[in-house]
Amino acid sequence: ARFVVEFRPGGDTAMKQDATLFMLDSNRKTFLLFDGDRRGSISGIDPTNISIGMTPEELDESLKESFKVEIKFRQNSNMPVQDKIDLRIKYIEFAKEKFRCLPFDNPEEIIWDSKVAETFLEMFSISSVDIKEIDSLATAKEKFRRLMELATPDESYASGKDIQSCHKLFVNAFCKTDTITIDGIKELLREIASD
């Protein structure tokens, strides 16, 4: 496969932290793809703007300010200061090269479709709920959560696999109807493949 796509729990905070490990594996061509609404929190630091003589603690503070989260590095307690600085600079360079954003703010908002939701409810023989009740929820994440509550026995918590299956149904329908957004995603993947 040309691309291996992994979905990991924890959102952009976890992804930014995972980057501390991905950056160490030079054999993997890893990119981290964030929701478009996270663009402001992944812009990072321009490596050319790093002041000579900055301490690891000062770099940590700059990273926290730029990425909106504290990045924790795995390092030996006796690691030389210059190695700590180099590790942080490597992270900054990795983020600049490997962090990308989807061409839209929120994937759930893009793929939500009331007609697909009705089909989903029919698949689970759920007729007691009017789709208008679900559509009245404020965000698509809430709509998907409610849909999964209805489809899960006793309205218990749905597993990640259940949610992915649900999303897959919506993504398949979305891919057949929204060619403009799909073209934006294709362009992003072409950009990643050419790096």
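Here, every reference points to the structure presented above.
The rules we used
- Residues numbered from 1 in each chain as written.
- Predicted model: local features only at pLDDT ≥ 70, side-chain atom pairs only at ≥ 80, totals over all residues.
- Heavy atoms only, no water.
- Helix = DSSP H or I, 4+ residues; strand = E, 2+ residues; numbered from the N terminus.
- Core = buried A, V, L, I, M, F, W, Y, C linked by side-chain atoms within 4.5 Å.
- Buried < 20%, exposed > 50% of the residue type's maximum accessible area, 1.4 Å probe, protein only.
- Contact = heavy atoms within 4.5 Å.
- 1 Å grid on protein atoms, 1.4 Å probe; cavity = no way out; pocket = protein on both sides within 12 Å on 5 of 7 lines; lining within 4 Å.
- Points joined across faces, edges and corners; volume = space filled by probe spheres on them.
- Nonpolar A, V, L, I, M, F, W, Y, C, P; charged D, E, K, R; others polar.

S.K.: Account for unusual backbone geometry, naming residues and giving values.
M.R.: The phi dihedral of Lys68 falls on the positive side, at around 65 degrees, and the residue is not glycine. The residue Lys68 is located in the loop between helix 2 (56–67) and helix 3 (81–98) in this model. Despite not being glycine, Ser125 has its phi angle at roughly 55 degrees, a positive value. As for its placement among the helices and strands, Ser125 is situated in the loop between helix 5 (114–123) and helix 6 (131–135).

S.K.: How would you explain the nonpolar core if you had to name every residue and give the values?
M.R.: Ranked by size, the top nonpolar core spans 24 residues in total, and within it Leu32, Leu63, Tyr91 and Phe99 carry the most contacts. For this core, the element with the highest residue contribution is helix 3, accounting for six residues. If sequence neighbours within four positions are ignored, Phe99 has contacts with Lys16, Ala19, Leu32, Phe34, Ile42, Phe67, Tyr91 and Phe94. One finds Leu121, Ile126, Ile131 and Phe144 within the second-largest nonpolar core, a separate group that totals 20 residues.

S.K.: Got a sec to walk through empty space enclosed by the protein? Specific residues and values, please.
M.R.: Within the structure shown, the criterion is met by one cavity of 30 Å³ or more. Empty space within the largest cavity amounts to approximately 40 Å³. Taken together, Thr20, Leu21, Met23, Leu24, Phe73, Arg74 and Leu87 make up the full set of residues lining the largest cavity. Looking at the lining of the largest cavity residue by residue, the class counts come to five nonpolar, one polar and one charged.

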